[in-house]
Amino acid sequence: MAVGVLGIVVPVLPGLLLVVVAVLIWALESPSTSGWVVLGVTLVLFLAGTALQWLVPGQRMRRAGVGTSTLVAGVVAAIVGAFVIPVVGLFVGFPVGIFLISLARTRDRTEAWWATRHALRAVGTNILIELATAFAIIAVWAVTVLFVR
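Note that the structure is predicted; figures quoted are calculated from it, not measured.

Colleague: Would you mind showing me how to read helix 6 (residues 109–148) here?
Modeller: Since the α-helix advances by 3.6 residues per turn, residues separated by three or four positions end up pointing in the same direction. A rise of 1.5 Å per residue sets the reference length of helix 6, with its 40 residues, at 58 Å; its end C-alpha atoms lie 57 Å apart and thus fit the reference within 8%. Measuring from the backbone nitrogen of Thr-110 back to the side-chain oxygen at the start of helix 6 gives 3.3 Å, which picks out Asp-108 as the cap.

Right, dumping it as structure tokens:
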């Protein structure tokens, strides 16, 4: 679960999915009614968190005029940045990619910076939603382990 939370903050691993898999492994290793209930609650929380990740940031970016192609370009630039600038390239590449694509599309630095800010804010919101979902799952699991078993 800790690796999953780390994977949310440093987007190299599928963080939230790792938290869910950890609960699944726990439920399979100690099969009980409470284990299966926790797994069910975990899956509901996972689905709700995933839906929120798609709805909330996506709506904000659509309203700001940041398209999917711009985000894809940002992700590609982040991947390239990860190889060009070790350690921080991933975090530098994404906003630079968004800015450059937006600048090429609009030819206006202010508008490109505006799109970059909205994209970064959406990514931040996405990470917060994922973290909140992971912590809710971990809390349900911890309460069960500590107080129900």
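Colleague: Before we go on, may I ask you to explain helix 2 (residues 15–29) in this structure?
Modeller: Over its 15 residues, helix 2 runs 21 Å from end to end, which matches the ideal 21 Å to within 8%, given 1.5 Å per residue. Within the span of helix 2, buried status applies to Gly-15, Leu-16, Val-19, Val-20, Val-23, Trp-26 and Ala-27. Down the axis of helix 2, the smallest arc covering the buried residues is 150 degrees, so these residues share one side. Residues of helix 2 that are exposed and point over 90 degrees away from its buried face: Leu-28 and Glu-29. Where helix 2 is buried, its residues contact helix 1 (2–9), helix 3 (33–64) and helix 6.

Colleague: When you look at the nonpolar core in this model, what are you seeing that I'm missing?
Modeller: The nonpolar side chains of a soluble globular protein tend to be buried, and buried together. If you look at the biggest cluster of nonpolar residues, it comprises 14 residues, and the most contacted ones within it are Val-5, Val-19, Val-23, Ala-134 and Ile-137. Of all the secondary-structure elements, those providing two or more residues to this core are helix 1, helix 2, helix 3 and helix 6. Considering every element that reaches this core, the biggest residue donor is helix 2, with six residues. Ignoring sequence-local partners within four residues, the contact set of Val-5 consists of Val-19, Leu-131, Ala-134, Phe-135 and Ile-138.

Colleague: Where do I start with the side chain of Thr-125 in this structure?
Modeller: By the secondary structure assignment, Thr-125 is in helix 6. Every residue in contact with Thr-125, bar those within four places of it in the chain, is listed here: Val-56, Pro-57 and Arg-60.

Colleague: Can you help me understand a positive patch on the surface in this one?
Modeller: A surface patch of positive charge is lined by Arg-60, Arg-63, Arg-117 and Arg-121. Listing elements by their share of the positive patch, those giving two or more residues are helix 3 and helix 6. Tracing the backbone through its elements, the reader meets Arg-121 in helix 6. Judged by relative accessible area, which is 42%, Arg-121 ranks as partly exposed.

Colleague: Hey, could you run me through the packing of helix 1 against helix 6 in this one?
Modeller: Each packed pair of helices is defined by two parameters, the angle between the axes and the distance between the axes. At a minimum axis separation of 9 Å, helix 1 and helix 6 run at an interaxial angle of 170 degrees. Judged by the inter-axis angle, helix 1 sits roughly antiparallel to helix 6. Between helix 1 and helix 6, the contacting residues are Val-5, Ile-8 and Val-9 on the first element and Ile-127, Glu-130, Leu-131, Ala-134, Phe-135 and Ile-138 on the second.

Colleague: How should the packing of helix 2 against helix 3 be read in this particular structure?
Modeller: At a minimum axis distance of 9 Å, the contact between helix 2 and helix 3 shows a crossing angle of 170 degrees. In terms of orientation, helix 2 lies roughly antiparallel with respect to helix 3. Residues Leu-16, Leu-17, Val-20, Val-23, Leu-24, Trp-26, Ala-27 and Leu-28 of helix 2 form the contact with helix 3, whose own contacting residues are Gly-35, Trp-36, Val-38, Leu-39, Thr-42, Leu-43, Phe-46 and Gln-53. Looking at the contact of helix 2 with helix 3, its residues break down into 13 nonpolar, three polar and no charged.

What counts and how
Residues numbered from 1 in each chain as written. Predicted model: local features only at pLDDT ≥ 70, side-chain atom pairs only at ≥ 80, totals over all residues. Heavy atoms only, no water. Helix = DSSP H or I, 4+ residues; strand = E, 2+ residues; numbered from the N terminus. Expected span 1.5 Å × (residues − 1). Polar contact = N/O pair within 3.5 Å; in protein donor to acceptor, adjacent residues only side chain to side chain. Buried < 20%, exposed > 50% of the residue type's maximum accessible area, 1.4 Å probe, protein only. Arc of directions from axis to C-beta. Contact = heavy atoms within 4.5 Å. Core = buried A, V, L, I, M, F, W, Y, C linked by side-chain atoms within 4.5 Å. Patch = residues over 30% accessible without salt bridge, like charges linked within 9 Å, V, L, I, M, F, W, Y side chains within 5 Å. Areas by Shrake-Rupley, 256 points an atom, 1.4 Å probe, with all protein chains shown as cover. Salt bridge = Lys/Arg side-chain N within 4 Å of Asp/Glu carboxyl O. Lys, Arg positive; Asp, Glu negative; His and termini not counted. Charge placed at Lys NZ, Arg CZ, Asp CG, Glu CD. Axes fitted to C-alpha atoms, helices over the stretch in contact; angles between N-to-C directions. Parallel < 35°, antiparallel > 145°, perpendicular 65-115°, else oblique. Nonpolar A, V, L, I, M, F, W, Y, C, P; charged D, E, K, R; others polar.

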